[in-house]
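Fold and geometry: a report
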Amino acid sequence: MIGPVRVVGAGLLGTSIGLGLSARGIDVILADASPTNLSLAIDYGAGRAATPADAPQLIVVCVPPDVTADIVARELEAFPEAIVTDVASVKLAPLTELRARGADTSRYIGSHPLAGRERGGPLAGRADLFIGRPWVVAAHDDISYQRATAIDDLILDLGATLVEMTPEEHDKGVALVSHVPQVVATLMARRLTDAPASALNLAGQGLRDVTRVAASDPELWVQILGANPAPVREILLALRDDLDRFIGALADPSAPGARRQVAEEIAGGNAGVARLPGKHGQDRRYASLTVMVDDTPGQLARLFNEIGEAGVNLEDLRLEHSPGAQIGLAEISILPEAVSRLTTELAARGWRIVG
């Protein structure tokens, strides 16, 4: 980037963009409807306040989806030489609305960084938030490739991985991998509200994995789902058909074909999980080894160190706490050919291997 870059919205994404660009010496201009958010973002070093003489090269709009088109239109009009992008999680609706308004979409292209944190606001901003994360550029025919290069520069300077999609492809994609999972997690978590404590005490990592995103902001998700209803509804209807088949099979598990139906549905899930990209975007699969770790200082660090001393690379880690016991279960992912050797090595060092 050359800059200056104007960032409208000093929440998590806006502040993180400002911090990342400021760290590279780029002049960042911050604007926000909230004076408190603006002051905090400036105090944290994400940029400076706007002045009448500002002439930004690029404007990044980081506001909620229901006002994205309004703010983009305002910025296009206020800065007729600037390129404008936004980071909303839906891409077709803002473009459609801007075209309907007659806005200059030859200077606008939507984008979407698939990055975030469990907390929002400027205090949660991080300069490294986007490193290694996908950042979609939703190309359309109104803007030339040459004009859009400023957005490519922004993405690459922040360490993200640029992904080109059409707005339609993007919205269908996030419906499948983000929006519908949010709905499923929410509905599953609602089943827990009236559940007896005795049942909840049995909860393990599986339930926590399924419901993790259910703690999301309701107001934001009303906006996101309202802006992308058709792709989400299409997937939910297909999911309802899947549920109906499963429910039918469970109505009489001893009926001819019922167990086969359940098995085929579970196997279908296995096939879907196998398609998810693994570490570094590769599709290589790893084996799991679960080690019991005492809940005392330094034990997890000791485990990591001794895995390294055994000459085995730790590919991934999940940590689960055992209810009512002062131990954790560290599920480590390693290359399949290293399982036997590492099991023997860790057992010799006193570690308890589950199973």
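Residues numbered from 1 in each chain as written. Predicted model: local features only at pLDDT ≥ 70, side-chain atom pairs only at ≥ 80, totals over all residues. Heavy atoms only, no water.

**Quick word on the nonpolar core**
Judged by nonpolar contacts, the single largest core of 34 residues is most densely connected at Ile-17, Leu-21, Phe-130, Trp-135 and Leu-154. When residues in this core are grouped by element, the largest group, five residues, is from helix α1 (residues 12–23). With residues near it in sequence (within four places) discarded, Ile-17 still touches Val-7, Val-60, Cys-62, Val-87, Phe-130, Trp-135, Leu-154 and Leu-158. Membership of the second largest hydrophobic core comes to 15 residues, among which are Val-63, Ile-71, Phe-79 and Val-84. (Core = buried A, V, L, I, M, F, W, Y, C linked by side-chain atoms within 4.5 Å. Buried < 20%, exposed > 50% of the residue type's maximum accessible area, 1.4 Å probe, protein only. Helix = DSSP H or I, 4+ residues; strand = E, 2+ residues; numbered from the N terminus. Contact = heavy atoms within 4.5 Å.)

**Notes on the environment of Glu-219**
Note that Glu-219 resides in helix α9 (residues 218–227). Looking at Glu-219, the relative accessible area reads 57%, which means it is exposed. Spatially, the C-alpha atom of Glu-219 lies 9.7 Å from that of Pro-64, the residues being 155 residues apart in sequence.

**Some remarks on the domain arrangement of the protein**
When the parts of a complex come together, some accessible area is lost, and that lost area is often used as the size of the interface. Segmenting the protein into domains produces domain 1 (5–165), domain 2 (167–276) and domain 3 (287–354). Each of domain 1 and domain 2 has a C-alpha centre, and these two points are 32 Å apart. Taken together, the contacts link 14 residues of domain 1 with twelve residues of domain 2. In terms of surface lost to domain 2, no three residues of domain 1 exceed Val-90, Leu-92 and Met-165, which account for 41% of the buried area on that side. At the boundary of domain 1 with domain 2, the tally comes to zero salt bridges. Inspection of the region where domain 1 meets domain 2 yields four residue pairs in polar contact (both at pLDDT 80 or more). Only α3 (65–78), α4 (92–101) and β7 (134–138) provide two or more residues apiece to the side of domain 1 that touches domain 2. (Domains from an automatic or database assignment. Buried area = accessible area lost by both parts, 1.4 Å probe. Salt bridge = Lys/Arg side-chain N within 4 Å of Asp/Glu carboxyl O. Polar contact = N/O pair within 3.5 Å; in protein donor to acceptor, adjacent residues only side chain to side chain.)

**Describing the pattern of salt bridges**
Note on pairing: side chains with opposite charge can pair once their charged atoms come close. Per the stated rule, a full pass over the model turns up 20 salt bridges. Across the pair Glu-75 and Arg-6 runs a salt bridge, and its minimum N-O distance is 2.7 Å. Within this pair, whereas Glu-75 is found in helix α3, its partner Arg-6 is found in strand β1 (residues 5–8), the two being separated by 69 residues in sequence. Neither Glu-75 nor Arg-6 differs from the other in exposure class; each is buried. Close ionic contact of Arg-318 with Glu-331 constitutes a salt bridge, the shortest N to O distance being 3.3 Å. Here the residue Arg-318 occupies a position in strand β10 (residues 316–321), and Glu-331 occupies one in strand β11 (residues 327–334), the gap between them amounting to 13 residues. Under the relative-accessibility criterion, Glu-331 is labelled partly exposed at 25%.

**Comments concerning unusual backbone geometry**
Glycine aside, residues mostly have negative phi angles, and peptide bonds mostly take the trans form. In the segment running from Gly-3 into Pro-4, the intervening peptide bond is cis, with an omega of -5 degrees. Tracing the sequence through the fold places Pro-4 in the segment before β1.

**Focus on the pairing of strand β6 (residues 110–113)**
Neither face of β6 is left uncovered, since the one carrying Gly-110 and His-112 and the one carrying Ser-111 and Pro-113 both have all their residues buried. Pairing between β6 and β7: four bridges, direction antiparallel. Residue Ser-111 lies in a different strand from β7, and its bridge partner there is Val-137. (Pairing = 2+ DSSP bridges.)

**Examining the sheet that holds β1**
The five strands lie next to each other as β3-β2-β1-β4-β5, forming an open sheet whose pairing is parallel. The strands lining the two open edges of the sheet, one partner per strand, are β3 (48–49) and β5 (83–86). Inspection of the sheet shows strand β4 (residues 58–61) paired to β5 by four bridges, in the parallel sense. From the neighbouring strand, Val-60 faces β5, where its bridge partner is Thr-85.

**Quick look at the pairing of strand β2 (residues 28–31)**
Neither face of β2 is open: one carries Val-28 and Leu-30, the other Ile-29 and Ala-31, and all of them are buried. With four bridges connecting them, β1 and β2 associate as parallel partners. Within β2, the residue paired with Val-7 across the bridge is Leu-30. Taken together, β1, α1 and β2 form a β-α-β motif whose crossover is right-handed. Summarising the sheet, β2 and β3 pair through two bridges and their orientation is parallel. In the sheet register, Leu-30 faces β3, and the bridge partner there is Ala-49. Taken together, β2, helix α2 (residues 35–43) and β3 constitute a β-α-β crossover, and its handedness is right-handed. (Right-handed = clockwise from strand over helix to strand, strands pointing away.)

**Quick notes on helix α12 (residues 299–309)**
Gln-299, Leu-303, Glu-306 and Ile-307 are the residues of α12 that are buried. For α12, the angular spread of the buried residues around the axis is 105 degrees, confining them to a single face. In this structure, the buried side of α12 is in contact with β9 (287–294), β11 and α13 (339–348). Gly-311 sits one or two residues past α12 and shows a positive phi near 75 degrees. (Arc of directions from axis to C-beta.)

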